[in-house]
There are 2 protein chains.
Amino acid sequence: MKDIAREVGVSVALVSYVLNNRFENRINKDVAEKIRNTAQKLQYRPNQIAKSLKTNKTFTIGLIVADISNPFSSSLARIIEDEGAKYGYTVIFGSSDEDLAKFEALTNAFINRQVDGLILLPPSGSEALLLRLKAMRFPFVIADRYFPKLEAHCVNVDNLKAAYDAVSLFVEHGKKAVGLINYKTDLAHLNDRTKGYTQALKDAGVSVNKNWIRKVDISNDPPEIEKAVAALLSAPSVNAIFLHRIVLRCML
Amino acid sequence: MKDIAREVGVSVALVSYVLNNRFENRINKDVAEKIRNTAQKLQYRPNQIAKSLKTNKTFTIGLIVADISNPFSSSLARIIEDEGAKYGYTVIFGSSDEDLAKFEALTNAFINRQVDGLILLPPSGSEALLLRLKAMRFPFVIADRYFPKLEAHCVNVDNLKAAYDAVSLFVEHGKKAVGLINYKTDLAHLNDRTKGYTQALKDAGVSVNKNWIRKVDISNDPPEIEKAVAALLSAPSVNAIFLHRIVLRCML
DNA sequence: CTGAAAGCGCTTACAG
DNA sequence: CTGAAAGCGCTTACAG
């Protein structure tokens, strides 16, 4: 900008104004034209870093997913990225791998990079951290999950209702002995599925056999689920399984 | 930093020094300790933007792949990201979708964001742009592809040799009438495959029937390839097909 | 219609 | 051992 100003013989301020299309009505057309031309000639590229330092905006948003190798995460990331791009935002990613420490480290790294906001899929145990974020008024929204005691912006699916509907569908089709495979977790959105399942059966007048419910270790996902499926299939009374894991479609 | 300096009663410079662990040997241990403590207390977070403006380093690298929805791109991106993270770098992505204009726009956007360097999978026709990058001494490395007339850092696989070896394997197993499906393109790395294919058959004393070679439109990939496969399969003489497209494994 | 100047939050020669 | 000061490349009240 200094070079342009010198070449055209105006102030840096004026260069800034015309290159940002500000006060267009009260700037001399010819001067503006000349500034634009020399900017072109000198191959001027605005330094976004300097701009950010001044304006306090980086047009960057940080996204922390739970496990990037999960197709759910990657397609989510892709969509958020595309949507952000529409508004001129870059989104930078991180994967917490459901690990609290990693989640915290990523959050801090993103904040230090001055992201304008955070989209978070927080692992269990991260309430305190989120509370701190809230206290410092750092903009964030939670996706996919939620914490019942934490008031925050979030976008979720109604897991309880979804599970309720799925299980009810089984019942309508005469499958009343429905097995459930869920994760051993304290993430509310996952436990909501168990609630929906239980409620649906209850409403259908089916008394749930507790052997029908299998909770598997989330960190050892495919093999554990495979075992659980086998166990349920060999349980004589079960005639349907409610299992919510996209990746496993192929397995069944 | 100003707040810390005021609180401890030292200069901002000193705060900067101790927080960056510089001149450790000649700074008063007690003062350093006190600075670190108040930094902690005040929940100091370094502003990376300001740091970058001064140091001219963002520890960010830009990666432009050809088509992010292609598993090749996404796994590449994942690996580069992980590798970058080891060295404290964030990598930000973009997908050119093999489009020159989009490629140029992304390149500019990344440069304006002051990435420290670029990793590029350039679309055909991008030589001029790359030349400009080179002329302005902007650091970049080309991956996966190359332009014969452009000298630049790049990491590639030897497509010619790979195709040669693959086709030779067919020949060794008695399949001498090998069909080839390749893209209609002027990307050298892809045409190298045709060269390797041709050379392998030539070296085996097989005279290539030109009906064996099918070139399909890259932008209409799956259906076109499907057609080409069908065409080759119905050609009576062909007894093997060299087809280089990971995604299609399932199709055959 | 245009410019001088302060300032964003840091780093870094330089001086003492 | 420590600090005053300049400067990175911008933006933006403010004055004229």
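Below you will find a few notes about this structure. (Residues numbered from 1 in each chain as written. Chains lettered and ligands numbered in written order. Predicted model: local features only at pLDDT ≥ 70, side-chain atom pairs only at ≥ 80, totals over all residues. Heavy atoms only, no water.)

The secondary structure content of chain A amounts to 10 helices and eight strands. Relative to the compact-globule value of 18 Å for 252 residues, chain A shows a C-alpha radius of gyration of 27 Å, a clear excess of over 25%. Overall, chain A is about 90 × 35 × 30 Å in size when its C-alpha atoms are taken along their principal axes. Looking at chain A as a whole, 40% of its 252 residues qualify as buried. Of the contacts formed within chain A by residues at least 6 apart in sequence, a portion of 57% connects residues at least 24 apart. Total accessible area on chain A stands at roughly 14200 Å², and carbon and sulfur atoms take up 54% of it. Put simply, chain A has 34 plus and 27 minus side-chain charges, and the middle of one group is 4 Å from the middle of the other. (Helix = DSSP H or I, 4+ residues; strand = E, 2+ residues; numbered from the N terminus. Rg over C-alpha atoms; globule rule 2.2 N^0.38 Å. Buried < 20%, exposed > 50% of the residue type's maximum accessible area, 1.4 Å probe, protein only. Contact = heavy atoms within 4.5 Å. Areas by Shrake-Rupley, 256 points an atom, 1.4 Å probe, with all protein chains shown as cover. Lys, Arg positive; Asp, Glu negative; His and termini not counted. Charge placed at Lys NZ, Arg CZ, Asp CG, Glu CD.)

Attention shifts here to the interface of chain A and chain B. Chain A puts 25 residues into the contact, and the matching count from chain B is 25 residues. Counting the surface lost from both chain A and chain B, the interface buries some 2300 Å², and carbon and sulfur atoms represent 55% of this. Contact with chain B buries area across many residues of chain A, yet Arg45, Ile49 and Arg113 of chain A alone supply 29% of it, more than any other trio. Remark: the boundary between chain A and chain B carries zero salt bridges. Elements represented by at least two residues in the side of chain A that touches chain B include exactly α4 (48-55), α5 (71-86), β2 (90-95) and α6 (100-112) of chain A. At five residues, the largest contribution of residues to the side of chain A that touches chain B is made by α4 of chain A. Here the residues of the side of chain A that touches chain B sort into 10 nonpolar, 11 polar and four charged. (Buried area = accessible area lost by both parts, 1.4 Å probe. Salt bridge = Lys/Arg side-chain N within 4 Å of Asp/Glu carboxyl O. Nonpolar A, V, L, I, M, F, W, Y, C, P; charged D, E, K, R; others polar.)

It is worth spelling out the relation of the copies chain A and chain B at this point. Least-squares fitting of chain A to chain B yields an RMSD of 0.1 Å, with the superposition described by an axial translation of 0.1 Å and a rotation of 180 degrees. Overall, the copies show the geometry of a two-fold rotation axis. Comparing interface residues between copies, 100% of those in chain A also sit at the interface in chain B, which points to an isologous, same-surface contact. (Least-squares fit on C-alpha atoms with pLDDT ≥ 70 in both.)

Moving on to the side chain of Arg193 of chain B. All names here are of chain B. Note on placement: Arg193 falls in helix α9 (residues 188-203). For Arg193, which is buried and forms no salt bridge, the nearest opposite charge comes from Asp144, at a distance of 5.4 Å. Discounting chain neighbours no more than four positions away, the residues touching Arg193 are Asn159, Ala163, Asn182 and His244.

Moving on, we get to the packing of α4 of chain A against helix α4 (residues 48-55) of chain B. Contact geometry for α4 of chain A and α4 of chain B: axes closest at 9 Å, N-to-C directions at 140 degrees. In this view, α4 of chain A runs oblique relative to α4 of chain B, as classed from their interaxial angle. Like other packed secondary-structure pairs, α4 of chain A and α4 of chain B cross with a definite hand, here left-handed. Seen from α4 of chain A, the contacting residues are Ile49, Ala50, Ser52 and Leu53 of chain A; seen from α4 of chain B, they are Ile49, Ala50, Ser52 and Leu53 of chain B. Broken down by class, the residue content of the contact of α4 of chain A with α4 of chain B amounts to six nonpolar, two polar and no charged. (Axes fitted to C-alpha atoms, helices over the stretch in contact; angles between N-to-C directions. Parallel < 35°, antiparallel > 145°, perpendicular 65-115°, else oblique. Left-handed = near helix turned anticlockwise from the far one by under 90°.)

What describes a pair of aromatic rings is the distance from one ring centre to the other and the angle between the planes of the rings. On inspection of all chains with the given rule, the structure shows five aromatic pairs over all chains. For the cation-ring pair, Arg26 of chain A lies above Phe23 of chain A, with the distance from its terminal atom to the ring centre recorded as 4.4 Å. (Phe/Tyr/Trp six-rings, centres within 6.5 Å; stacked < 30°, edge-to-face > 60°. Lys NZ or Arg CZ within 6 Å of the ring centre and 35° of its normal.)

Once that is clear, we can look at the sheet that holds strand β7 (residues 213-216) of chain B. All names here are of chain B. One open sheet accounts for three strands, arranged β7-β6-β8; its pairing is parallel. For this open sheet the edge positions go to β7 and β8 (240-243), each flanked by a neighbour on one side alone. The mean inter-strand angle of the sheet, taken between neighbouring strand axes irrespective of direction, is 20 degrees. In terms of strand pairing, strand β6 (residues 178-183) meets β7 through four bridges, oriented parallel. In the strand pairing of β7, Tyr183 is matched with Val216. (Pairing = 2+ DSSP bridges.)

Right, let's talk about the protein's contact with DNA strand C for a bit. Residues in close proximity to DNA strand C total 28 residues, the closest being Ser11 and Lys54 of chain A together with Ser16, Tyr17 and Arg22 of chain B. Counting only the atoms of DNA strand C that lie within 4 Å of the protein, the sugar and phosphate share comes to 61%. Taken together, the elements giving at least two residues each to the surface near DNA strand C come down to α2 (12-19) and α4 of chain A together with α2 (12-19) and α4 of chain B. Across the surface near DNA strand C, the residue classes tally to 14 nonpolar, eight polar and six charged. (Near = heavy atom within 4 Å.)

Residue and element names in this part refer to chain B. Ordered in space as β2-β1-β3-β4-β5, the five strands form an open sheet in which the pairing is parallel. Only two strands of the sheet have a single neighbouring strand rather than two, namely β2 (90-95) and β5 (154-155). Both strand β1 (residues 60-65) and strand β3 (residues 117-120) contribute to a ladder of four bridges, which runs parallel. Residue pairing across strands places Gly62 opposite Leu118, the latter belonging to β3.

By nearness alone, 28 residues border DNA strand D, and Ser16, Tyr17, Arg22 and Lys51 of chain A together with Lys54 of chain B come closest of all. Across the atoms of DNA strand D situated within 4 Å of the protein, the share located in sugar and phosphate is 60%. One nitrogen or oxygen atom from the side chain of Ser16 of chain A is found 2.6 Å from a phosphate oxygen belonging to DNA strand D. The contact in question runs from a base nitrogen of DNA strand D to an N or O atom on the side chain of Lys54 of chain B, over 3.4 Å. Only α2 and α4 of chain A together with α2 and α4 of chain B provide two or more residues apiece to the surface near DNA strand D. Among the residues forming the surface near DNA strand D, the class breakdown is 14 nonpolar, eight polar and six charged. (Polar contact = N/O pair within 3.5 Å; in protein donor to acceptor, adjacent residues only side chain to side chain.)

Residue and element names in this part refer to chain A. Spanning 14 residues, helix α10 (residues 221-234) covers 20 Å between terminal C-alpha atoms, matching the ideal 20 Å at 1.5 Å per step. Within the span of α10, buried status applies to Asp221, Glu224, Ile225, Ala228, Val229 and Leu232. Viewed along the axis of α10, the buried residues span an arc of 140 degrees, placing them on a single side of the element. Turned more than 90 degrees from where α10 packs its buried face, Lys227, Leu233 and Ser234 sit exposed. Elements that come into contact with the buried residues of α10 comprise β6 (178-183), β7 (213-216) and β8 (240-243). (Expected span 1.5 Å × (residues − 1). Arc of directions from axis to C-beta.)

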